[in-house]
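An overview of the molecular structure
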Amino acid sequence: MAVEQTLSIIKPDATRRNLTGKINARFEESGLRIVAQRRLHLSRAQAEAFYAVHKERSFFGDLCTFMCSGPVVAQVLEGENAIERNREVMGATNPANADEGTIRKDFAESIEANSVHGSDSPENAAIEIAFFFSAIDIVG
Ligand code: IDP
Ligand code: MG
């Protein structure tokens, strides 16, 4: 297995409930290392650009409204098999279907307000990391 980097976002439902530290502990306990992190408030245009891949989906407008409804914490997680590992730690998109002990099972409010984003492939991880960070921001 290779050491990978993946883009994670702690979403507005989680920052609103002051869960950044609890969620970060899940990443660290699973062997993922936070090698870059930035708190920011996305504009509508930034949310639409980040989720452009979903622009034809019925939930796109609501998702963008939600993602710019409060601060987010964007972060780069690094570790062995980090992209898949993070998806396991996050749990299923719909918290009703998420495994016990996952972030979404324990913290998500709904299928939309599901507390975290994680890249789904190496190609998307590279694109999504570059959306938020420069090479100089990432310190392994
Ligand atoms: P993922 O975050 O698990 O990769 P995606 O299918 O990529 O899930 O969807 C992106 C985000 O869009 C989800 O995390 C969730 O916030 C939102 N979303 C996905 N499906 C639905 C839905 O059916 N209704 C409302 N929001 C949804
Ligand atoms: Mg996705």
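Refer to the structure printed above.
Below: a short report on this structure. Because the structure is a prediction, the values reported are computed rather than measured.

1. Comments concerning the packing of aromatic side chains
Aromatic ring pairs are reported here in terms of the distance separating the ring centres and the angle at which the planes meet. Applying the stated criterion across every chain, the model contains five aromatic pairs. Consider the rings of Phe131 and Phe132, whose centres lie 4.9 Å apart with planes at 70°: the pair is edge-to-face. Ring centres 6.4 Å apart and planes at 50° place the aromatic pair Phe132 and Phe133 in the tilted group. Members of the aromatic cluster, each reached through a chain of ring pairs, are Phe50, Tyr51, Phe131, Phe132 and Phe133. Here Arg38 stacks its cationic end above the ring of Phe133, 5.9 Å away from the centre of that ring.

2. Topic: helix H7 (residues 122–132)
Residues Ala125, Glu128, Ile129 and Phe132 constitute the buried set of H7. Buried residues in H7, looked at end-on, bunch into an arc of 105°, giving them a common side. Turned more than 90 degrees from where H7 packs its buried face, Glu123, Ile127 and Ala130 sit exposed. Residues of H7 that are buried sit in contact with strand E1 (3–10), strand E2 (33–40), helix H3 (44–50), strand E3 (72–80), helix H5 (82–90) and strand E4 (116–118).

3. Notes on the nonpolar core
One finds Leu7, Ile9, Leu42, Met67, Phe132 and Phe133 to be the most contacted residues of the largest nonpolar core, which totals 22 residues. Residue assignment for this core shows that the elements contributing at least two residues are E1, E2, H3, helix H4 (60–67), E3 and H7. By residue number, the principal contributor to this core is H4, which donates five residues. If near-sequence neighbours (up to four positions away) are discounted, Leu42 is found in contact with Ala47, Met67, Cys68, Val72 and Phe132. In terms of nonpolar packing, the next biggest core, distinct from the first, is built from 14 residues, Ala14, Leu19, Val73 and Val89 among them.

Definitions and limits used
Residues numbered from 1 in each chain as written. Chains lettered and ligands numbered in written order. Predicted model: local features only at pLDDT ≥ 70, side-chain atom pairs only at ≥ 80, totals over all residues. Heavy atoms only, no water. Phe/Tyr/Trp six-rings, centres within 6.5 Å; stacked < 30°, edge-to-face > 60°. Lys NZ or Arg CZ within 6 Å of the ring centre and 35° of its normal. Buried < 20%, exposed > 50% of the residue type's maximum accessible area, 1.4 Å probe, protein only. Helix = DSSP H or I, 4+ residues; strand = E, 2+ residues; numbered from the N terminus. Arc of directions from axis to C-beta. Contact = heavy atoms within 4.5 Å. Core = buried A, V, L, I, M, F, W, Y, C linked by side-chain atoms within 4.5 Å.

Keep in mind that these numbers describe shape and distance, not what the molecule does.
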